[in-house]
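One letter stands for each residue in the lines below.
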Amino acid sequence: MPQPIRVTVWNEFVHEREREDVRKVYPDGLHQVIAEGLRASLGEAVEVRTATLDEPEHGLPEEVLQSTDVLLWWGHAAHDRVDDEVVARVHSRVLDGMGLLVLHSGHGSKIFRRLMGTSCMLRWREAGERERLWVVDPSHPILDGLGTDVIEIEQAEMYGEFFDIPAPDELLMISSFAGGEVFRSGCTFRRGKGKIFYFRPGHELYPIYYHPQVRQVIAGGVRWAVPSGTPYTQEARHCP
Ligand code: ZN
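Residues numbered from 1 in each chain as written. Predicted model: local features only at pLDDT ≥ 70, side-chain atom pairs only at ≥ 80, totals over all residues. Heavy atoms only, no water.

**A closer look at the nonpolar core**
Stage number 1. Core analysis: the largest hydrophobic core is formed by 40 residues, its most contacted members being L38, L72 and Y209.
Stage number 2. Take this core: its biggest share by element is 7 residues, from helix 7 (residues 212-225).
Stage number 3. The contacts of L38, once residues within four sequence positions are left out, are V7, V9, G43, V46, V48, L72, I218, A219 and V222.
Stage number 4. Residues V64, V94, C120 and Y198 belong to the second largest nonpolar core, which totals 34 residues. (Core = buried A, V, L, I, M, F, W, Y, C linked by side-chain atoms within 4.5 Å. Buried < 20%, exposed > 50% of the residue type's maximum accessible area, 1.4 Å probe, protein only. Helix = DSSP H or I, 4+ residues; strand = E, 2+ residues; numbered from the N terminus. Contact = heavy atoms within 4.5 Å.)

In structure tokens, the structure reads:
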């Protein structure tokens, strides 16, 4: 049997401890529900642990990152409390091949903005409105087995364009919202040897990380982002 994919789910874990309405949806934190979804979707193919902001080194010391194949990132209220040293460490691991899934409001995180080189800002409205995520790249491996060309979420926070990211390597899904806006909701990027997947769904007030199709796409993202490719060296090489 192949080695399981070693996944770390990182969450700032702030809203769930401060707000009763959020605790109702995610009593043990968003990270636990995301981790549970991965275990349910991928079974023994995955080994999942979690890390949060208040742990020493935010739960991401060197040894954790070195033994992580794919890191998931959820942050919102405390992006600026993430230590620059930890960001630099995650950045360097991504360049070295660790996969990274950035979820929802993680668009504003230091690590995503550093990897993208742009502001990563967007338009938003919190109105609990309907979202449809339309598949625009049906043969993409992240979407394997999804079995639908549109994911419907009854209550979502709106994110709209312009989303200030560099042109993605691949665009998998576009969201439309009841209010009329559209958004690039599933985007891949490559930086160094690392694969990055930005996936929009998931707001702390709505039970979106329990949604079976959202869970399936996150699991597909983890499978896809596993380190791969040919080892290389940065040392100078002379042609004979
Ligand atoms: Zn949100």
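**Brief notes about the state of the cysteines**
Stage number 1. A complete count under the given rule lists 0 disulfides for this structure.
Stage number 2. You can see C120 has no disulfide; the closest cysteine sulfur is in C187, sitting 10 Å from it.
Stage number 3. What makes C120 buried here is its relative accessible area of 0%.
Stage number 4. The exposure class assigned to C187 is buried, which follows from its relative accessible area of 0%. (Disulfide = S-S within 2.5 Å.)

**A few points about the coordination of the zinc ion**
Stage number 1. For the zinc ion, every protein donor is listed as H104 (NE2), E157 (OE) and H203 (ND1), and the spread of their distances is 2.0 to 2.1 Å.
Stage number 2. Spacing between the donor residues of the zinc ion along their common chain follows H-x52-E-x45-H. One end of the pair, H104, is in the loop between strand 4 (99-103) and helix 6 (110-116); the other, E157, is in strand 6 (residues 150-160), and 53 residues separate them in sequence. When sorted by exposure, H104 lands in the same class as E157, which is buried. (Donors = N, O, S within 2.8 Å, 3.2 Å for Na, K, Ca; no water.)

**With respect to helix 7**
Stage number 1. Over its 14 residues, helix 7 extends 20 Å from the first C-alpha to the last, a length consistent with the 20 Å expected when each residue adds 1.5 Å.
Stage number 2. Inspection of helix 7 places V214, R215, V217, I218, A219, G220, G221, V222, W224 and A225 among the buried residues, and these make up the whole buried set. (Expected span 1.5 Å × (residues − 1).)

**Quick word on the pairing of strand 7 (residues 170-177)**
When a strand is regular, its side chains alternate between the sheet's two faces.
Stage number 1. As paired elements, strand 5 (residues 123-135) and strand 7 share 5 bridges and run antiparallel to each other. The residue of strand 7 that forms the bridge with E131 is F177.
Stage number 2. Here strand 7 runs beside strand 8 (residues 182-191); their pairing, made up of 6 bridges, is antiparallel. Paired with E170 across the bridge in strand 8 is T188.
Stage number 3. A loop of 4 residues connects strand 7 with strand 8, the two strands running antiparallel in sequence, and G180 in this loop sits at a positive phi of about 105°. (Pairing = 2+ DSSP bridges.)

**Brief notes about the pattern of salt bridges**
Stage number 1. Tallying each qualifying case throughout the model produces 15 salt bridges.
Stage number 2. The partner of R184 in a salt bridge is E161, and the shortest N-O contact between them spans 2.9 Å. Of this pair, R184 sits in strand 8 while E161 is found in the loop between strand 6 and strand 7, placing the two residues 23 residues apart along the sequence.
Stage number 3. Among the residues examined, R184 registers a relative accessible area of 17% and is labelled buried.
Stage number 4. Its relative accessible area of 22% is what places E161 among the partly exposed residues.
Stage number 5. Residues joined by salt bridges that share partners form a network here, namely R17, D54 and R81. (Salt bridge = Lys/Arg side-chain N within 4 Å of Asp/Glu carboxyl O.)

**Quick look at the side chain of H15**
Stage number 1. Mapping H15 onto the fold places it in helix 1 (residues 15-18).
Stage number 2. Judged by relative accessible area, which is 8%, H15 ranks as buried.

**Points about the sheet that holds strand 9 (residues 194-199)**
Stage number 1. Taken in spatial order, the 9 strands line up as 2-1-3-4-9-8-7-5-6 in an open sheet, and their pairing is mixed. Of all the strands in the sheet, just strand 2 (46-52) and strand 6 have a single pairing partner and so form its edges. Taking each pair of neighbouring strands and ignoring which way they run, the sheet shows an average axis angle of 25°.
Stage number 2. With 6 bridges connecting them, strand 8 and strand 9 associate as antiparallel partners. By the bridge assignment, G186 is partnered in strand 9 with F199.
Stage number 3. Of the strands in this sheet, strand 1 (5-11), strand 2, strand 3 (70-74) and strand 4 are in contact with helix 3 (residues 30-42), which crosses strand 2 at around 175°. (Axes fitted to C-alpha atoms, helices over the stretch in contact; angles between N-to-C directions.)

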